[in-house]
Amino acid sequence: MTGCTLSGNKVRKLEFLMAEALTRKCSHVITCGDVHSNHCRATAVAARQLGLKPHLLLRTDLQEARAFSCEGNALLTRLCGPDIYLVPQPAPYKTHLRPRMEELATSIKEKTGEDSCLIPVGGGAGSPGIFGIISVFEEMISQGLLDDYDDLVFACASGCTAAGTGISNYLTGSHIRCHAVIVCNYTKTHFLDQVDQTLYDIGLSDNVKAVNIVDIIEGHQGKGYSESTQEEHDFVASVAESTGIMLDLIYTGKATLGMLWELNNNPGRFKGNRILFLHTGGMFGMYDGRLDTTIIDRGHNDNKIHMWSSTDSLPEQNGHTA
């Protein structure tokens, strides 16, 4: 229903964020992230579908604009033709990205007289994006999913999914326990503070605290956000080969690997043994080339690539005719 280019949890937030932009009669949408950001790609696509002009601030180590490639999310992002502003890494949101976004919005207003809607990194942890995650929880309830599970696990990078699921779980009185596996460089305290702030923003801070509604799991971010290890490459490839389920290297791959580690080494943190993993997307990030060597090596080492040059014989295996 959301289309292939608007996959994952980002479109859930954008359904409400873009509604706000249209209600405010904005002509421009400004947001930020890394070069291969799923959120920025989805925002660019959604903006064009709604007739809005996308502007993306992308963090990168690149030294010149011509070096910006068209791999992974960047391909779909650039096809939508947004104005892209490359900013140096690291660039924290509050001190570096948000001020730039506000300055850009002011410049656009002065030049065109048109308003801009500023969307936080990753769609933000607070409202209105949080209502997109609440709608996901409502769907799971309507499908009867939560009756069959004890625990819900998902990747955590911006904190919005953690806040949305935890708050939904609390408000509906669901029995399920929510677990957010950190896949970036922020700490558990950072995300608990974010969820507490969201509770305050929507008027629930006097009733409940973040620590009571969501379990934030640290220690599984690997080399850090957007970085990946060979172990993670091998894991993503093995899951695809054994189940047909595609995990990405930035979000769901790290979170699933972390979930399995916790199940094996710290099972007491889970309420039961019926675990539901919420796949939040990230597919286009798999096309950035990082998995190429792993896939090629697996194909050769497992003897799954065969030459079959002649119809007079069977395909070759290990360099010889089978």
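Below: a short report on this structure. (Residues numbered from 1 in each chain as written. Predicted model: local features only at pLDDT ≥ 70, side-chain atom pairs only at ≥ 80, totals over all residues. Heavy atoms only, no water.)

## Some remarks on the overall build of the protein
Stage number 1. Tallying secondary structure elements over the protein gives eleven helices and ten strands in all.
Stage number 2. Against the compact-globule benchmark of 20 Å for 322 residues, the protein has a radius of gyration of 22 Å, which places it among compact chains.
Stage number 3. Projected onto its principal axes, the C-alpha coordinates of the protein cover approximately 70 × 50 × 35 Å.
Stage number 4. Taking all 322 residues of the protein together, the buried fraction comes to 47%.
Stage number 5. Counting contacts in the protein only where the partners sit at least 6 residues apart, residues at least 24 apart contribute 76% of the total.
Stage number 6. Working note: accessible area of the protein is about 16,100 Å², and carbon and sulfur atoms make up 51% of it. (Helix = DSSP H or I, 4+ residues; strand = E, 2+ residues; numbered from the N terminus. Rg over C-alpha atoms; globule rule 2.2 N^0.38 Å. Buried < 20%, exposed > 50% of the residue type's maximum accessible area, 1.4 Å probe, protein only. Contact = heavy atoms within 4.5 Å. Areas by Shrake-Rupley, 256 points an atom, 1.4 Å probe, with all protein chains shown as cover.)

## Regarding the pattern of salt bridges
Stage number 1. Under the criterion given, the structure shown has eleven salt bridges.
Stage number 2. In this structure, K254 and E232 form a salt bridge, with 3.3 Å as the shortest nitrogen-oxygen distance. Taken together, the residues K254 in helix α10 (residues 252-265) and E232 in helix α9 (residues 230-243) connect sequence positions 22 residues apart.
Stage number 3. Residue R269 pairs with E262 through a salt bridge whose shortest N-O separation is 3.1 Å.
Stage number 4. Judged by its relative accessible area of 4%, E262 falls in the buried class.
Stage number 5. Three or more residues joined by partner-sharing salt bridges are found here, namely D215, E262 and R269. (Salt bridge = Lys/Arg side-chain N within 4 Å of Asp/Glu carboxyl O.)

## Observations concerning the pairing of strand β5 (residues 151-156)
Stage number 1. With respect to burial, β5 is a largely interior element, six of its six residues being buried.
Stage number 2. Relative to strand β6 (residues 177-182), β5 is paired through six bridges, and the arrangement is parallel. Looking at β6, one finds that F154 is bridged to A180.
Stage number 3. You can see the chain leave β5, run along helix α6 (residues 160-172) and come back into β6, and the turn it takes is right-handed. (Pairing = 2+ DSSP bridges. Right-handed = clockwise from strand over helix to strand, strands pointing away.)

## Considering the side chain of T165
Stage number 1. Tracing the chain through its elements places T165 in helix α6.
Stage number 2. In this structure T165 touches I133, F137, L152, F154 and C178, once residues within four positions along its chain are discounted.

## Notes on the packing of helix α5 (residues 130-142) against α6
Stage number 1. At a closest axis distance of 8 Å, the pairing of α5 and α6 adopts a crossing angle of 50°. One element, α5, and the other, α6, form an angle in the oblique class. Crossing of α5 over α6 shows right-handed handedness. Of α6, the residues touching α5 (which contributes I130, I133, I134, F137 and I141) are C160, T161, A163, G164, T165, I167, S168, N169 and T172. (Axes fitted to C-alpha atoms, helices over the stretch in contact; angles between N-to-C directions. Parallel < 35°, antiparallel > 145°, perpendicular 65-115°, else oblique. Left-handed = near helix turned anticlockwise from the far one by under 90°.)

## A closer look at the sheet that holds strand β3 (residues 83-88)
Stage number 1. The sheet built from four strands is open, its strands ordered β3-β2-β1-β4 with parallel pairing. Edge positions in the sheet fall to β3 and β4 (116-118), since each of these pairs with one other strand and no more. Geometrically, the sheet is characterised by an average inter-axis angle of 25° between neighbouring strands, direction not taken into account.
Stage number 2. Sheet topology places strand β2 (residues 53-60) next to β3; six bridges connect them, and they run parallel. Bridge assignment links L58 to a residue of β3, and that residue is L86.

## A look at the packing of aromatic side chains
Stage number 1. Summed over the entire model, instances satisfying the criterion amount to three aromatic pairs.
Stage number 2. Centre to centre, the rings of F16 and F131 are 6.2 Å apart; their planes meet at 40°, and the pair counts as tilted. Of this pair, F16 sits in helix α1 (residues 10-23) while F131 is found in helix α5, placing the two residues 115 residues apart along the sequence.
Stage number 3. With centroids separated by 5.9 Å and ring planes inclined at 70°, the aromatic side chains of Y225 and Y251 adopt a geometry described as edge-to-face. Of this pair, Y225 sits in the loop between β7 (215-217) and α9 while Y251 sits in the loop between α9 and α10; the two residues are 26 residues apart in sequence, bridging distant segments of the chain.
Stage number 4. A relative accessible area of 10% places Y251 in the buried class. (Phe/Tyr/Trp six-rings, centres within 6.5 Å; stacked < 30°, edge-to-face > 60°.)

## Let's talk about unusual backbone geometry
Stage number 1. Residue Q89 is joined to P90 through a cis peptide bond whose omega torsion reads -15°.
Stage number 2. Summarising the element assignment, P90 is placed in the loop between β3 and α4 (93-112).
Stage number 3. Here K25, not a glycine, exhibits a phi torsion of approximately 60°, which is positive.
Stage number 4. Position of K25 among the secondary structure elements: in the loop between α1 and β1 (28-34).
Stage number 5. At S226, a position not held by glycine, the phi torsion is positive, near 75°.

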